[in-house]
Amino acid sequence: MSNSKKHVIVVGAGIVGSSIAYHLSQKGFQVTIIDKNQPASAATGSAFGWITAAVHPDAPDALLRQIAIQDWHRLEQELPALAIHWDGSIKYTTESDHLVGEVTLDQSAVRQLEPNLLCPPTSARFMAIDGSIDAKEATYLLTQHACQYGAVLITETHVSALTQENGKVTGVESSNGPIKADYVVLACGTEIPTIADSINPFLPVLSSPAILLRFNSTEPVVNTLLSGDNFEVRHARNGDLLAAEDYVANKSLAEIAYEAEELIKKGLDHTQSISLQHSSIGYRPVPEDGYPIIGFIDQAQSVYVAVMHPAVTCAASIGRLVCEELTMGIEHDIFTTFRPSRFNA
Ligand SMILES: Cc1cc2nc3c(=O)[nH]c(=O)nc-3n(C[C@H](O)[C@H](O)[C@H](O)COP(=O)(O)OP(=O)(O)OC[C@H]3O[C@@H](n4cnc5c(N)ncnc54)[C@H](O)[C@@H]3O)c2cc1C
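Because the structure is a prediction, the values reported are computed rather than measured.

(A) Just the site of the ligand, in detail. Residues in contact with the ligand amount to 39 residues; listed here are only the nearest, D35, T44, W50, V159 and T313. Note that an oxygen atom of the ligand is positioned 3.4 Å from one of the backbone N or O atoms of G49. Within the complex, 96% of the 1000 Å² of free accessible area of the ligand lies under protein. Of all elements in the fold, only helix 1 (15-26), strand 13 (205-216), strand 17 (275-287) and helix 7 (311-328) reach the threshold of two or more residues within the shell around the ligand. Each of domain 1 (3-49 + 135-204 + 288-343) and domain 2 (89-128 + 208-284) gives at least three residues to the shell around the ligand.

Put into structure tokens, the structure is as follows:
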């Protein structure tokens, strides 16, 4: 059987699973996407959507980030409805280093780019090539187009385990019964360790909460994605103002949202009338050692895992590279330090 006739189950329709499913079905693979809820119903649904190439050269995903932007541009050419905002980002948080590609702005340059910033910092870092995307819409678009290429999307179906015959994985056990496949791609974020357990019980994927706030805004307030010490904001496509916030264990979501709104109003002109539309906590899947976990976990090479942080930034590249590994049987050097085998006992 040629590879393209093979059946691949992708477990998880977040941004990672959807991108992998899109690329595989585009190449003619028979793809079934299974999600226990709806697409983008976990971390992806709460993502701030910053696509950033700014990374410390020693960061685990430094090489991946370098190609992330160009892969999103490629994908946007294929799917113009992705409508990525390529407005750049301005960062002036105190704790982080100056990163490769960032240009230093003085106060007057910041003021010029962001005239509504009431106390512009004396110095900030501008990353002109950065973008932002509505990760939920992008996920829907990718699954929709995967389905147009022939993929099947099964929602509200929980995958509990891998099925095996004579020591070889044959598919998955789901709440709708067993489903057979030649390959299983686990892109189900924080639930990867549970499903992979029978093959590799040592995959450490943590669940890291963070908060997304959506305010309605009657006018444009910022021109770029603005990441400061007091708030991180950008506009959504419909003009809403989005803010990403840290999760604070001893505060309620309402308290965090209220405090964030106050800081935004104090820091940005023309925000007096913003009002909170929606708030959510997303649980980000984060590999314990900070490195993405990407690759096969079984001897027979039929179960593939893909999880990383920040995955919205990397999703377009991950979809393409994982698809190339599965369709062409090649091993990308860029994934060498990401292989799940590093956790083998
Ligand atoms: C507030 C916030 C801001 C963020 N900002 C950014 C940002 O600016 N840039 C960036 O790159 N990243 C950002 N992230 C991180 C980003 O959202 C995640 O890295 C990314 O969404 C992970 O995608 P995923 O597809 O791996 O996982 P998920 O989105 O968690 O998707 C996993 C999917 O698998 C399904 N699933 C799980 N278990 C099962 C099962 N047993 N059976 C069937 N289906 C299952 C779930 O329903 C879900 O749909 C942010 C996250 C949050 C919460």
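This is not the end of the story, as more comes after the structure.
(B) Expanded view of the packing of aromatic side chains. Going through the model one piece at a time under the given rule, you end up with five aromatic pairs. On the numbers, 5.9 Å between centres and 65° between planes, the contact of Y22 with Y149 is edge-to-face. Of this pair, Y22 sits in helix 1 while Y149 sits in the loop between helix 4 (135-148) and strand 8 (152-154); the two residues are 127 residues apart in sequence, bridging distant segments of the chain. Three or more aromatic residues joined by ring pairs make a cluster, and in this case those are Y183, F296 and Y304.

(C) Main features of the domain arrangement of the chain. Taken domain by domain, the chain holds domain 1 (3-49 + 135-204 + 288-343) and domain 2 (89-128 + 208-284). Computed over C-alpha atoms only, the centres of domain 1 and domain 2 are separated by 32 Å. Contacts between domain 1 and domain 2 engage nine residues on the former and 14 residues on the latter. Our count for the contact surface shared by domain 1 and domain 2 stands at one salt bridge. The salt bridge involving R237 is made with E137; its shortest N-O contact spans 2.3 Å. Applying the counting criterion to the domain 1 and domain 2 interface returns three residue pairs in polar contact (both at pLDDT 80 or more). Of the residues assigned to the side of domain 1 that touches domain 2, the class counts are three nonpolar, five polar and one charged.

(D) Local environment of unusual backbone geometry. Cis peptide bonds are those with omega within 30 degrees of zero, and the linkage from H309 to P310 qualifies with 0°. Note that P310 resides in the loop between strand 19 (303-307) and helix 7. The phi angle at A40 is positive, at roughly 60°, despite the residue not being glycine. With respect to the secondary-structure elements, A40 resides in the loop between strand 2 (30-34) and strand 3 (50-51). Of the residues examined, A40 reaches a relative accessible area of 4% and is grouped as buried. Unlike most non-glycine residues, H270 shows phi in positive territory, near 65°.

(E) Geometry of the pattern of salt bridges. Within this structure, the stated rule accounts for 15 salt bridges. Notably, a salt bridge pairs E102 with R125, separated by 3.0 Å at the nearest N-O pair. One end of the pair, E102, is in the loop between strand 4 (89-91) and strand 5 (103-106); the other, R125, is in strand 6 (residues 123-127), with 23 residues separating them in the sequence. Grouping residues by exposure puts E102 and R125 together as buried. One salt-bridge network, in which partners are shared between bridges, spans D71, R74, E78, R320 and E324.

(F) Summary view of the sheet that holds strand 9 (residues 159-165). Spatially, three strands are ordered 9-10-11 in an open sheet, and the strand pairing comes out antiparallel. Edge positions in the sheet fall to strand 9 and strand 11 (177-180), since each has one partner strand and no second. Between one strand axis and the next, the sheet turns through 35° on average, direction left out of account. By the bridge criterion, six bridges tie strand 9 to strand 10 (residues 168-174) in an arrangement that is antiparallel. Note that in strand 10 the partner of T163 across the bridge is G171.

(G) Representation of the sheet that holds strand 19 within the structure. Read from one edge to the other, the open sheet built from six strands follows the order 8-2-1-12-19-18, with strand pairing classed as mixed. Lying at the two open borders of the sheet, with one neighbouring strand each, are strand 8 and strand 18 (293-296). When strand polarity is set aside, the average angle formed by the axes of neighbouring strands in this sheet is 15°. Summarising the sheet, strand 1 (residues 7-11) and strand 12 (residues 183-186) pair through four bridges and their orientation is parallel. Residue pairing across strands places V11 opposite L186, the latter belonging to strand 12.

Rules and cut-offs
Residues numbered from 1 in each chain as written. Predicted model: local features only at pLDDT ≥ 70, side-chain atom pairs only at ≥ 80, totals over all residues. Heavy atoms only, no water. Near = heavy atom within 4 Å. Polar contact = N/O pair within 3.5 Å; in protein donor to acceptor, adjacent residues only side chain to side chain. Areas by Shrake-Rupley, 256 points an atom, 1.4 Å probe, with all protein chains shown as cover. Helix = DSSP H or I, 4+ residues; strand = E, 2+ residues; numbered from the N terminus. Domains from an automatic or database assignment. Phe/Tyr/Trp six-rings, centres within 6.5 Å; stacked < 30°, edge-to-face > 60°. Contact = heavy atoms within 4.5 Å. Salt bridge = Lys/Arg side-chain N within 4 Å of Asp/Glu carboxyl O. Nonpolar A, V, L, I, M, F, W, Y, C, P; charged D, E, K, R; others polar. Buried < 20%, exposed > 50% of the residue type's maximum accessible area, 1.4 Å probe, protein only. Pairing = 2+ DSSP bridges. Axes fitted to C-alpha atoms, helices over the stretch in contact; angles between N-to-C directions.

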